[in-house]
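# A structural walkthrough
Given next are the chains, with one letter for each unit.
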Amino acid sequence: MNVRRLIPTAAVAGAVTLGLTALSACSSSDAAEGGSDGKLDVVASFYPMQFLAEEIGGSHVSVTTLTKPGTEPHDLELSPRQIGGLGDADYILFLKGVQPAVDDAVAQAGVKNTVDAAKLTRLENHGSEVEGHDHAEGEEHEDEEHGHEGEEAGLDPHIWLDPVKYAEVAEGVGKSLEKADPDHAADYRKNTESLVAELNTLDKAYETGLKNTATKTFITTHSAFGYLAERYGLTQEGIAGIDPEAEPSPARIDEIHSVAEKNDATTVFFETLASDKTAKTLAKDLGLKTGVLDPLEGITDKSAGADYIEVMQSNLSALQKALGAK
């Protein structure tokens, strides 16, 4: 794997919190002062978008995020001041279908350089794994380049958990930053190439690390890993749809029990931003282990790494252990 500079988790959390505070208090005059350093004022909706903006933008951008560390992004509610502050941004990066409140606010902001990451790759419908996903329901993604127009609702937005799709999004973000700030286009292009190379290395690590396993099935409380499972030939079994804290029905528990026995599943995964109660209860009933599989919707002190790459590496190790990688 590529050697990366390490960013202490506390530093990341502090920077994000300060950024959110600045955004919340933003007015037209504040925005003018914030842009006086020559940096592009970028607002990211939640961590996966923040990571792209910071890695690709580098020293030429000042990034704030709408979602505080430790906050479940799907449940985010914006204050009137935050919504008003969006209009002062130079560039907004969000992922339509994940946070309804953000989708509405971005539509109202009318910022010229607004980028929807969902339009930078092809979204897919993972069937029952995303059925009932409240941040996917009712969304219609139109993108003539990728043929999204007219597709049915229910598309899975968790594209950042597939390194290949995330790299496609990174390339699109890089091009959009070049357009928004042409004076620094060369640097944005260089940073994009560097990040895509890291994501390609991560993809190869997953491909190699999950090629030979005792089982291909993993059980998780949050059905966020459909793209990852599809990419590497795995099968994701969600306990109760996409709500990580939902209580599974007795019928679903029976199904999971049968799936675990039939496929020699060993582990019930839960995530860092939700309670582990359901996972531990189910694992105890089925005689299975528990583990953390982080959907990377936010970096916290509990995250097994300081940034996207490190947490994804940790997820790979967790999957290898649970699936009996050889």
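Look up a bit, the structure's there.
For the structure given in this document, a descriptive report is provided here. (Residues numbered from 1 in each chain as written. Predicted model: local features only at pLDDT ≥ 70, side-chain atom pairs only at ≥ 80, totals over all residues. Heavy atoms only, no water.)

## Some words on the packing of helix α6 (residues 163-180) against helix α7 (residues 185-209)
Packing of α6 against α7 brings their axes to within 9 Å, and their N-to-C directions diverge by 180 degrees. Taken together, the axes of α6 and α7 lie roughly antiparallel to each other. Residue-level inspection shows P163, V164, Y166, A167, A170, E171, G174, L177 and E178 of α6 in contact with α7, the latter providing A185, Y188, R189, T192, L195, V196, L199, L202 and D203. (Axes fitted to C-alpha atoms, helices over the stretch in contact; angles between N-to-C directions. Helix = DSSP H or I, 4+ residues; strand = E, 2+ residues; numbered from the N terminus. Parallel < 35°, antiparallel > 145°, perpendicular 65-115°, else oblique. Contact = heavy atoms within 4.5 Å.)

## A look at the pairing of strand β8 (residues 289-292)
Where strand β7 (residues 267-270) lies against β8, 4 bridges are found, and the strand directions are parallel. Each residue of the ladder has a partner; that of F270, found in β8, is V292. Taken together, β7, helix α10 (residues 277-286) and β8 constitute a β-α-β crossover, and its handedness is right-handed. (Pairing = 2+ DSSP bridges. Right-handed = clockwise from strand over helix to strand, strands pointing away.)

## Details of the pattern of salt bridges
As enumerated under the stated definition, the model contains 7 salt bridges in all. Between R252 and E237 there is a salt bridge; the shortest N-O distance is 3.0 Å. Of this pair, R252 sits in helix α9 (residues 250-263) while E237 sits in strand β6 (residues 235-238); the two residues are 15 residues apart in sequence, bridging distant segments of the chain. Here R252 matches E237 in class, with each residue buried. The structure contains a network of salt bridges with shared partners spanning E237, R252 and E255. (Salt bridge = Lys/Arg side-chain N within 4 Å of Asp/Glu carboxyl O. Buried < 20%, exposed > 50% of the residue type's maximum accessible area, 1.4 Å probe, protein only.)

## A closer look at α10
Note: α-helices contain 3.6 residues per turn, so residues at a spacing of three or four share the same orientation. If you check which residues of α10 are buried, you get T278, A279, L282, A283 and L286. Burial along α10 is one-sided: seen end-on, the buried residues are contained in an arc of 125 degrees. Away from its buried face by more than 90 degrees, α10 exposes K277, K284 and D285. Where the residues of α10 are buried, they touch α9, β7 and β8. Positive phi appears at G287, one or two residues downstream of α10, with a value of about 70 degrees. (Arc of directions from axis to C-beta.)

## Thoughts on the sheet that holds strand β3 (residues 91-94)
The 4 strands lie next to each other as β2-β1-β3-β4, forming an open sheet whose pairing is parallel. Either end of the sheet is taken by a strand with one partner, and the two such strands are β2 (61-65) and β4 (114-116). Ignoring which end each strand starts from, the neighbouring axes of this sheet average 20 degrees apart. Sheet topology note: the strand β1 (residues 40-44)/β2 ladder contains 5 bridges and is parallel. In the strand pairing of β2, L40 is matched with V61. Running over the sheet, helix α5 (residues 100-109) touches β3 and β4 and is turned about 155 degrees from β3.

## What to know about the sheet that holds strand β5 (residues 217-220)
The strand order β6-β5-β7-β8 describes an open sheet built from 4 strands, whose pairing is parallel. The outermost strands of the open sheet, each flanked by one partner alone, are β6 and β8. Mean inter-strand twist for the sheet, computed between neighbouring axes without regard to direction, equals 35 degrees. Note: β5 against β7, 2 bridges, orientation parallel. Residue T220 lies in a different strand from β7, and its bridge partner there is F269.

## Description of the packing of α7 against helix α11 (residues 308-323)
Where α7 meets α11, the axes come as close as 10 Å, and the angle between the chain directions of the two elements is 5 degrees. On the basis of their axis angle, the class for α7 and α11 is roughly parallel. Of the residues in α11, those touching α7 at E198, L199, L202, A205, Y206 and G209 are Y308, I309, M312, Q313, N315, L316, L319 and Q320. Split into classes, the residues belonging to the contact of α7 with α11 amount to 9 nonpolar, 4 polar and 1 charged. (Nonpolar A, V, L, I, M, F, W, Y, C, P; charged D, E, K, R; others polar.)

## Describing the environment of L155
Here L155 is to be found in the loop between β4 and α6. Using a relative accessible area of 6% as the deciding quantity, one classes L155 as buried. L155 sits 30 residues away from N125 along the chain, and the two C-alpha atoms are 4.4 Å apart.

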